[in-house]
Amino acid sequence: MDFIGQDLSGSRFERVKLGGATFRAVSMQDTVFRGVWMNRVVMRGVEMADVDIHGEIGTLTVNGVDIGPYVEAELNRRHPERAKMRPTDPEGFREAWATLERLWAGTVDRARGLDPELLHESVDGEWSFIETLRHLLFATDAWIRRVIQGEPSPWHPLDLPWDEMRDTPGIPRDRDARPSLDEVLELRHDRMAGVRALLAGVTAEQLASDTKPVADSGGWPEAQSYPLGEVVLGVFTEEWEHRLYAERDLDALSRR
C-alpha cells in the first residue's frame, strides 16, 4: 500500500507492522516513538536536530562512526555503579542487588519529600513514580516468582505490565488505581527481600543453569526454560533503568 502526497500528521500507529517500509521525502517532525523495534533500520540523507533517543542501543552507526561504545563508556562514567549490573559470579550478583536496593532507597527518600499527589503525576507521558514502582512489582513477579520460582500466577492486583503488552487473562492492568506510596512500598520491600534471599544462596552452577518451565501453558512469560543468570540480569536492567527514569522525572516534579 502506498501513501504518496498525503498529510498523515497527527496519525496514531499502534500495534502496526511497518517492517520493510520505505520512507522518502517524509517529514517526521515532532514524532514520538514508544515501545518501537528499530533493528536493522537504515537512514540516509536525514536531518536530525534536538533528537532525544533513550533505549537499548547496540550497534548504532552515525556518519560512519559506531557510537554505541562511546555511549556505553559515557554512561559508565556518569554512573560508576552501572558496570556492576553485569556481574559474572554469585558474589557479583549479590553486590549488584545490594547496590540497587541502596540506590532505590535514596530515590524513595527523594519522592517522600514531594506532595504525595505529584507521585501519581506523569511527566511527558511517562509513568508516574507510583506506576514505575508498580511496574517493577510486575517485573519481579514475572521473572523471579513465575519463571525462577515456578509460581504460575504470582500477580498482585497492583502489578502493572508495560503499556504495549496485550491484555492477558489473569494478569492485572489497572491504570486507574491510585495506591499510596507506602502501600506500594510494602509490596516492593517484600519482592526485593525475595530477590535478596534468592541471591543469598545462589551458586555459580545455578546461575549457569536453565529454569524449569512453569506449570502453566498460558500467562506470561511463556512456559519454557530460560537461562537463570540472564533472567536475573534482566531484572537488574529493569531496576537500574527505571530508577534513572524516576530520578529524571523527580527532577522535573521538584522544579514545579
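Provided above is the structure to which this section pertains.
It should be emphasised that the depicted structure is a prediction, and the values quoted were computed from it without experimental measurement.

Cut-off values and rules
- The residue count restarts for each chain, going from 1 along the sequence in the order it is written.
- Only residues with pLDDT of at least 70 are given local features in this predicted model, and only at 80 or more are side-chain atom pairs given and counted; all residues enter the totals for whole chains, interfaces and linings.
- As a rule here, side-chain values come from all non-hydrogen atoms in the structure, and water together with hydrogens is ignored.
- Any residue with an atom within 4 Å of a point lines the site, the site being either a cavity, points on a 1 Å grid over the protein atoms alone where a 1.4 Å probe fits but cannot get out, or a pocket, an open set with protein on both sides within 12 Å along at least 5 of 7 lines.
- Grid points are joined across faces, edges and corners, and a volume is the space filled by probe spheres set on the points.
- Strands are runs of DSSP state E lasting at least 2 residues, helices are runs of H or I lasting at least 4, and numbering of each runs from the N terminus.
- Exposure is judged per residue with a 1.4 Å probe applied to protein chains only, and the accessible area is read against the type maximum: over 50% gives exposed, under 20% gives buried, and values in between give partly exposed.
- Whenever two N or O atoms come within 3.5 Å, that pair is a polar contact, provided that in protein one can donate a hydrogen and the other can accept it, and provided that, for residues adjacent in sequence, both atoms are side-chain atoms.
- Contacts are assigned to residue pairs that have any heavy atoms within 4.5 Å of one another.

Enquirer: What should I look at first to understand the layout of surface pockets in this one?
Expert: Counted as a void, the second largest pocket has a volume near 180 Å³. Looking at the second largest pocket, the residues that line it are E101, W104, A105, V108, D109, R112, L133, L185, R188, H189, M192 and R196. Here the element with the most residues in the lining of the second largest pocket is helix α2 (residues 90–112); it accounts for six residues.

Enquirer: Sorry if this is basic, but what is going on with unusual backbone geometry here?
Expert: Across residues other than glycine, the phi torsion is negative in most instances, and most of the peptide bonds are trans. Following W220, the chain continues into P221 via a peptide bond in cis, with omega recorded as -5 degrees. Mapped onto the fold, P221 is located in the loop between α5 (204–207) and α6 (228–254). Here the phi dihedral of R40 falls at roughly 60 degrees; this positive angle occurs in a residue that is not glycine. On the secondary structure map, R40 appears in the segment before β1 (61–62).

Enquirer: Teacher, can you tell me more about the side chain of E247 here?
Expert: Relative to the elements of secondary structure, E247 occurs in helix α6. Look at E247 and you get buried, because its relative accessible area is 17%. Within the local environment of E247, its side chain forms a polar contact with the side chain of R110, the two groups lying 2.4 Å apart. Discounting residues that sit within four places of it in the chain, E247 has contacts with T107 and R110.

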